[in-house]
Amino acid sequence: MSAPSQPRPAADPAAGTPRALRWMAAPAAAPRLPEQEITRRYPRLRLQVFIGIFLGYAGFYLIRNNISLIAPLLLAQGTINTVGIGIISNAVLLAYGFSKFFSATVSDRSNARYFLPIGLALSAVANLVVAFVPAVSASVALFATVMFLNGWVQGMGWPPCGRVLVHWFSTNERGWKTAIWNTAHNVGGMGVGALAALGLALTGDTWQSAFWVPAIGALVVAAVAFVLVRDRPEAVGLPPIEEHRNDPAKVETDLGELEQSSYWGVIVKHVLLNRTMVFLALANVFIYSLRYGVLSWAPTYLAEHHGMSLAQGIAGFSLFELAGIFGTLACGWVSDRVFHGNRSWTGIVFMVGVGVFLVAYWLAPVGTPYWLLMVFLFFIGAFIYGPVMLIGLQALDMSARHVAGTAAGFTGLFGYVFGATLASTGVGWVVHQFGWGATYGLLTVSVVLTVVLLLCVLPRERQLMAHHDSLRAGSSPGDTRG
């Protein structure tokens, strides 16, 4: 049931949006619907938009970096060597990391119903270009350029989903809902394997089919997402979610702020100079270093240190990813139900879990049973994927709604550009120079540093939660504007 309407400052949703992009700007609020209609439509639309962003985000994973699937074919044909494949893959990674931040600065002022499908469709087009323009695959530089562009428009996926989650789901339910949504990347990851395999089977292992078949699937998903997604409740005549569920946001939003200063001025104030966002971004560096440092090197570590076969190492890789589904869902539930929205404490508990099983995995002597090593890997994956999800959720929770996507994109920028790089190039260098012992020692230090950074975030989150609880009780002490 909706609570009594609370006055909100009027603001132009397109404020700060470049003129050329005004057609894609967030829509203005529609006239408020009658109470009976609100009660009827709100649950249906919440489910509808959730399905839209779940399928939409899964669609991005169908066409993100498909070269890894057909690398053996390219190598066998002599089309591209391992160095070229590495360059092309890194082009996607770097572009995605930067775009996740810069796209978010646009997404926060844009209609999510347009922004997400457009990004997905553009990514599909990039994959179709790879498949059907022979000159692209004939040159590593051109291939990498097209995939860099693909990585850039891939960055248009997360921000509108974050925007929808903030506007349609309130503070005390957002952990569980975000956890469910976050498993979309696992669904997409499984889907790309199935579609690529289908394409290769239909075309007699013609590698281009691993790009164009998933791209067609992504275009279908983009159309479905456009039909299902709605930007925010106010745009369809519904009250804000905080009012509807009597569940105030942790951070108050000044909706007129964009009319009083430039959008980049708002970003500097709320994100770049916000100590909480900086702490979260730095924590994300270490979380991504741990995620990819363990995952990407699991087959090599198990083979070199424990004498396992390549197939056993790949099984460990897959088990790590599978564990992430369970860990993400568990983390979202614990965050909402056990810690009542305190994401910092949830993250700290899960990082301690990472540390315990990481040390066990590291110190397991040669000759340790294979099944026990798989248990260690499973629980590292289960525990690490919770904080991977939580950092983005904390950025959404602890920033004003009009910059929430940008704040989450800022943490993602650090995670992908710095964390993933440390996990690939950095871990490879340390292993080569100092061995696996030093490598896992440094990864363990990353666990400790992540916990320290989350402890730095904790006091601010406690303050925001106290303010949230007081608002629900009918009073509002203190200033919580981010």
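The rules behind the values
Residues numbered from 1 in each chain as written. Predicted model: local features only at pLDDT ≥ 70, side-chain atom pairs only at ≥ 80, totals over all residues. Heavy atoms only, no water. Helix = DSSP H or I, 4+ residues; strand = E, 2+ residues; numbered from the N terminus. Buried < 20%, exposed > 50% of the residue type's maximum accessible area, 1.4 Å probe, protein only. Contact = heavy atoms within 4.5 Å. pLDDT = per-residue confidence, 0-100. Core = buried A, V, L, I, M, F, W, Y, C linked by side-chain atoms within 4.5 Å. Polar contact = N/O pair within 3.5 Å; in protein donor to acceptor, adjacent residues only side chain to side chain. Salt bridge = Lys/Arg side-chain N within 4 Å of Asp/Glu carboxyl O. Expected span 1.5 Å × (residues − 1). Patch = residues over 30% accessible without salt bridge, like charges linked within 9 Å, V, L, I, M, F, W, Y side chains within 5 Å. Areas by Shrake-Rupley, 256 points an atom, 1.4 Å probe, with all protein chains shown as cover. Axes fitted to C-alpha atoms, helices over the stretch in contact; angles between N-to-C directions. Parallel < 35°, antiparallel > 145°, perpendicular 65-115°, else oblique. Nonpolar A, V, L, I, M, F, W, Y, C, P; charged D, E, K, R; others polar. Phe/Tyr/Trp six-rings, centres within 6.5 Å; stacked < 30°, edge-to-face > 60°. Lys NZ or Arg CZ within 6 Å of the ring centre and 35° of its normal.

Novice: Please provide a residue-by-residue account of the overall build of the protein, values included.
Specialist: Looking only at helices and strands, the protein has 20 helices and zero strands in total. Taken over 482 residues, the protein has a buried fraction of 56%. Across the protein, the fraction of contacts at a sequence separation of at least 24, relative to all contacts at a separation of at least 6, is 84%.

Novice: Residues and numbers for the confidence of the model for the protein, please.
Specialist: Confidence in the prediction for the protein averages 84 pLDDT; 88% of positions are at 70 or higher. Segment residues 1-12: pLDDT under 50, and 24 contacts once partners within four positions in sequence are set aside and those in other chains are kept. Here residues 475-482 scores under 50 on pLDDT; set against residues more than four positions off or in separate chains, the count is 24 contacts.

Novice: Mind laying out the nonpolar core, listing which residues take part and the relevant values?
Specialist: If you look at the biggest cluster of nonpolar residues, it comprises 95 residues, and the most contacted ones within it are Trp 168, Trp 181, Met 351 and Tyr 361. Here this core gets 12 residues from one element, more than from any other, and that element is helix α19 (residues 404-434). The contacts of Trp 168, once residues within four sequence positions are left out, are Tyr 42, Leu 45, Arg 46, Val 49, Glu 173, Arg 230, Asp 231, Arg 232, Pro 233, Val 236, Leu 238 and Ile 241. Residues Ile 67, Ile 70, Val 92 and Phe 143 belong to the second largest nonpolar core, which totals 22 residues.

Novice: An account of the environment of Arg 109 is needed here, citing residue identities and associated values.
Specialist: Among the secondary structure elements, Arg 109 is positioned in the loop between α3 (82-107) and α4 (112-132). Once the C-alpha coordinates of Arg 109 and Gly 405 are considered, the two residues, 296 residues apart in sequence, prove to be 9.6 Å apart. A distance of 2.8 Å separates a polar atom in the side chain of Arg 109 from the backbone oxygen of Thr 105.

Novice: Lay out the pattern of salt bridges with the relevant residues and their values.
Specialist: One pass over the full model with this rule turns up eight salt bridges. Taking the shortest distance from any N to any O, the salt bridge between Arg 232 and Asp 231 comes out at 3.3 Å. For Asp 231, a relative accessible area of 3% puts it in the buried group. Linking Arg 343 and Asp 336 is a salt bridge whose minimum nitrogen-to-oxygen distance equals 2.9 Å. Using a relative accessible area of 0% as the deciding quantity, one classes Arg 343 as buried. Since its relative accessible area comes to 7%, Asp 336 is described here as buried. It is possible to trace a salt-bridge network through shared partners that takes in Arg 46, Glu 173, Lys 177 and Arg 245.

Novice: How would you sum up helix α15 (residues 298-306)? Please name residues and give values.
Specialist: Buried within α15 are the following residues: Ala 298, Pro 299, Tyr 301, Leu 302 and His 306. Within two residues after α15, Gly 307 carries a phi angle of roughly 70°, on the positive side.

Novice: I'd like to hear about helix α10 (residues 209-228), residue by residue, with values.
Specialist: Its 20 residues place the ends of α10 29 Å apart at the C-alpha level, agreeing with the 28 Å of an ideal helix rising 1.5 Å per residue. Looking at α10, one finds that the buried residues are Ser 209, Ala 210, Phe 211, Val 213, Pro 214, Ala 215, Gly 217, Ala 218, Val 221, Ala 222, Ala 225 and Leu 228.

Novice: Can you lay out the side chain of Asp 336 for me, pointing to particular residues and giving the numbers?
Specialist: Here Asp 336 shows up in helix α16 (residues 310-338). A polar atom in the side chain of Asp 336 sits 2.9 Å from the side chain of Arg 343. When residues no more than four places from it in sequence are discounted, the contact partners of Asp 336 are Thr 171, Asn 172, Glu 173, Arg 174, Gly 175, Trp 176, Gly 341 and Arg 343.

Novice: Mind laying out a nonpolar patch on the surface, listing which residues take part and the relevant values?
Specialist: Residues Leu 47, Ile 51, Leu 55, Ile 216, Val 220 and Val 224 make up a contiguous nonpolar surface patch of roughly 480 Å² in combined accessible area. Going through the elements one at a time, α1 (35-61) and α10 are the ones with two or more residues in the nonpolar patch. Tracing the sequence through the fold places Ile 216 in helix α10.

Novice: Outline the packing of α1 against helix α8 (residues 171-182), listing residues and values.
Specialist: Helix-helix packing is described using two parameters, namely the angle between the two axes and the distance between the axes. In contact at an axis separation of 10 Å, α1 and α8 are set at 40° when each is read in the N-to-C sense. Relative to α8, the element α1 is oriented oblique. Each of Arg 46, Phe 50, Ile 53, Phe 54 and Tyr 57 in α1 lies in contact with α8, whose residues at this interface are Glu 173, Lys 177, Ile 180 and Trp 181. For the contact of α1 with α8, the residue count by class is six nonpolar, no polar and three charged.

Novice: Tell me about the side chain of Ser 110, and please be specific about residues and values.
Specialist: Relative to the elements of secondary structure, Ser 110 occurs in the loop between α3 and α4. If near-sequence neighbours (up to four positions away) are discounted, Ser 110 is found in contact with Met 24, Ala 25, Ala 26, Phe 115, Arg 163 and Asp 231.

Novice: Explain the packing of aromatic side chains residue by residue, including any values.
Specialist: The description of two aromatic rings rests on the distance between their centres and on the angle between their planes. Under the counting rule described, the total for this entry stands at 30 aromatic pairs. Ring centres 5.3 Å apart and planes at 55° place the aromatic pair Phe 414 and Phe 418 in the tilted group. Here the residue Phe 414 and the residue Phe 418 both occupy positions in helix α19, the gap between them amounting to four residues, near one helical turn. A network of ring pairs unites the aromatic residues Phe 101, Phe 102, Trp 152, Phe 410, Phe 414 and Phe 418 as a single cluster. A cation sits over an aromatic face here: Arg 64 above Tyr 61, 4.2 Å from the ring centre. Cation over ring: Arg 113 sits above Phe 226, and NZ or CZ is 4.3 Å from the ring centre.

Novice: Please set out unusual backbone geometry residue by residue, giving values where relevant.
Specialist: Located in the positive-phi region is Asp 205, a residue other than glycine, with phi close to 65°. For Asp 205, a relative accessible area of 45% corresponds to the partly exposed category. Even without glycine at this site, His 340 takes up a positive phi of about 50°.

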